[in-house]
Amino acid sequence: MASTRACVASTSRATPERARLSRKAKARSVSGQRERIVARASRTTLRDALRSNESRGSIVFVVDEGENTRAVFVGGGRDALEAYAESTERDVETLWVRWETLGRRARASALNAKVKEIIAALGYAPEDNAGAVASATQKAAEPTGGGQATFARSHLEALDRDGIVVIDGMLDAETLNDAVESVRALHARGLMRNLEQSGRDDDVAVLSGSALPSGREFLGLRPVVRLLLDVPNGLRRALDDNTNAEISEDTRSKIRRCAPPDRLMAARYGPENCRYVAHLDNDPRDPGNDVGTPGLRPADRVFTCIAYLNPNWIPAHEGRFRYFPLGADVSSSDFTDIDPLCGRVVVFDSSKLLHEVRPSAADRFAVTAWTYDRSRVSRSVPSSRAIHPLPGLS
Ligand SMILES: O=C(O)CCC(=O)C(=O)O
Ligand SMILES: [Fe+2]
């Protein structure tokens, strides 16, 4: 398991912004700016760069396929460079890298800004960035062995502004290793089933006391489950700690109302282009939206929380999570793709964020919890259902 992999800048965006960027890039290259931005860097083979101490500290880098050829990846941070080298399918012997040091303490936001600037200067989106790099992903406060979902002010703001926050590094590598083994075991033991619903091809296991077999084999999922079930409290803690954050009343109210669900879902998308077409998780136009057990009906969903468990993911595996801007429909060419990297957690507004799973070319695993709206669920529902939802895992 390569925990560093979670650091690769790996969102993609096909947007009008890209057209704007390339117009800007043209203007810059005419003025000579392009050379200044990308040529100031040191340049060597990727292999030598990884050995070199020169590239320590906060770097932005451009990977070229061969010397003086097109850039194939632009990233920020030494970890991202190492992760790229580890995960790429390209021949590392022929890769070259240029980099520029931004100073040891440069913040992630400065690295991201520089990465965008370089892509703009190149005038095209490097292939392995799968589009221009969007800075949608964020770092967790600190990785843990599971349990607590800790959100920063910037996470709340992204959730409010974009309807989604994407966070890397909430769980440590050892915890993730065990979780991966357990979710794979669910599939290997035949405990995942296809729901035979049109539009989705995944096999799923419902995680609950009655449906999840207890046993050491599945214990690795416990920290992931705990983390996802702590999202409602984590969001409320963050709101309390950031009283001045600019968060809309709608989001504040949802954060106050959401509660951890009784059930979670483990899902596997198989390598035969398994996908899930664009949808809302809570869609009033869907006739089945209000059907089912209170607290578990799609209409009760407030925030969808997903943890991905794919340690060997590479771009060729596809199966990205695609979302559309709030209010846009599926015909929109403005979308963001998120790689389902191991340990990556996404939290999004279940009734607002249109999303899909793109066809997958490899096994793709995730665990999902849909927080529910307490104000919609009658008091007759025993409160214990939300507190000890998974006896099989506890
Ligand atoms: O696994 C994912 O990335 C999303 C799955 C999904 O949209 C769903 O199960 O509703
Ligand atoms: Fe969904």
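Right above here is the structure, for reference.
Residues numbered from 1 in each chain as written. Chains lettered and ligands numbered in written order. Predicted model: local features only at pLDDT ≥ 70, side-chain atom pairs only at ≥ 80, totals over all residues. Heavy atoms only, no water.

Draft legend 1. Spatial organisation of the overall build of the chain. Of regular secondary structure, the chain possesses twelve helices and 18 strands. Of all intrachain contacts in the chain linking residues separated by at least 6 positions in sequence, the fraction that spans at least 24 positions is 80%. Of the roughly 17,600 Å² of accessible surface on the chain, a fraction of 46% belongs to carbon and sulfur atoms. (Helix = DSSP H or I, 4+ residues; strand = E, 2+ residues; numbered from the N terminus. Contact = heavy atoms within 4.5 Å. Areas by Shrake-Rupley, 256 points an atom, 1.4 Å probe, with all protein chains shown as cover.)

Draft legend 2. Focus on the nonpolar core. In terms of nonpolar packing, the biggest core is built from 46 residues, with Phe151, Leu186, Leu309, Val347 and Val367 touching the most fellow members. For this core, the leading source of residues is helix H7 (residues 173–188), giving six residues. Not counting chain neighbours up to four residues away, the residues in contact with leucine 309 comprise Leu176, Ala179, Val180, Val183, Leu221, Cys342, Phe365 and Val367. Grouped together as the second largest cluster of nonpolar side chains are 14 residues, Ile59, Val72, Ala85 and Val97 included. (Core = buried A, V, L, I, M, F, W, Y, C linked by side-chain atoms within 4.5 Å. Buried < 20%, exposed > 50% of the residue type's maximum accessible area, 1.4 Å probe, protein only.)

Draft legend 3. Examining the pairing of strand E5 (residues 95–101) more closely. Most of E5 is tucked away, with five of its seven residues classed as buried. Taken together, the four bridges between strand E2 (residues 42–45) and E5 define a ladder with antiparallel strand orientation. Paired with threonine 45 across the two strands is tryptophan 96, which belongs to E5. Across seven bridges, the pairing between strand E3 (residues 59–65) and E5 is antiparallel. Following the sheet pairing, glutamate 65 is matched in E5 by leucine 95. (Pairing = 2+ DSSP bridges.)

Draft legend 4. Focus on the site of ligand 1. The environment of ligand 1 is formed by Met265, Tyr269, Tyr276, His279, Asp281, Ile306, Tyr308, Phe321, His355, Val357, Arg364 and Trp370. At a separation of 3.1 Å, an oxygen atom of ligand 1 approaches a polar side-chain atom of histidine 279. Among the secondary structure elements, those contributing two or more residues to the shell around ligand 1 are strand E11 (264–269), strand E12 (274–279), strand E13 (301–308), strand E17 (355–360) and strand E18 (364–373). (Near = heavy atom within 4 Å. Polar contact = N/O pair within 3.5 Å; in protein donor to acceptor, adjacent residues only side chain to side chain.)

Draft legend 5. Looking closely at the state of the cysteines. Taken as a whole and assessed by the stated rule, the structure comprises zero disulfides. The closest cysteine sulfur to the non-disulfide-bonded cysteine 258 is located on cysteine 305, 7.5 Å from its own sulfur. A relative accessible area of 0% means that cysteine 258 is categorised as buried. Among the residues examined, cysteine 305 registers a relative accessible area of 0% and is labelled buried. (Disulfide = S-S within 2.5 Å.)

Draft legend 6. Quick look at the pattern of salt bridges. A complete count under the given rule lists 27 salt bridges for this structure. Measuring nitrogen to oxygen at the nearest pair gives 2.6 Å for the salt bridge that ties arginine 320 to aspartate 339. With arginine 320 in the loop between E13 and strand E14 (321–323) and aspartate 339 in the loop between strand E15 (335–338) and strand E16 (345–349), this residue pair connects regions lying 19 residues apart in the sequence. Judged by relative accessible area, which is 5%, aspartate 339 ranks as buried. The network of salt bridges with shared partners includes Asp250, Lys254, Asp349 and Lys352. (Salt bridge = Lys/Arg side-chain N within 4 Å of Asp/Glu carboxyl O.)

Draft legend 7. Structural view of the packing of aromatic side chains. Enumeration according to the criterion identifies five aromatic pairs in this entry. With centroids separated by 6.0 Å and ring planes inclined at 40°, the aromatic side chains of phenylalanine 61 and phenylalanine 73 adopt a geometry described as tilted. Here phenylalanine 61, found in strand E3, pairs with phenylalanine 73, found in strand E4 (residues 71–76); they are twelve residues apart in sequence, far enough to count as distant. For the residue pair phenylalanine 61 and phenylalanine 73, the accessibility class agrees, reading buried in each case. Centroid distance phenylalanine 324 to phenylalanine 335: 6.2 Å. Interplanar angle 70°. Geometry classified as edge-to-face. With phenylalanine 324 in the loop between E14 and E15 and phenylalanine 335 in strand E15, this pair connects stretches of sequence that are eleven residues apart. For the residue pair phenylalanine 324 and phenylalanine 335, the accessibility class agrees, reading buried in each case. A network of ring pairs unites the aromatic residues Phe61, Phe73 and Tyr84 as a single cluster. Looking at arginine 301, its charged tip hangs above the ring of tryptophan 370, at a distance of 4.0 Å from the centre. (Phe/Tyr/Trp six-rings, centres within 6.5 Å; stacked < 30°, edge-to-face > 60°. Lys NZ or Arg CZ within 6 Å of the ring centre and 35° of its normal.)

So yeah, pure geometry; function would need other evidence.
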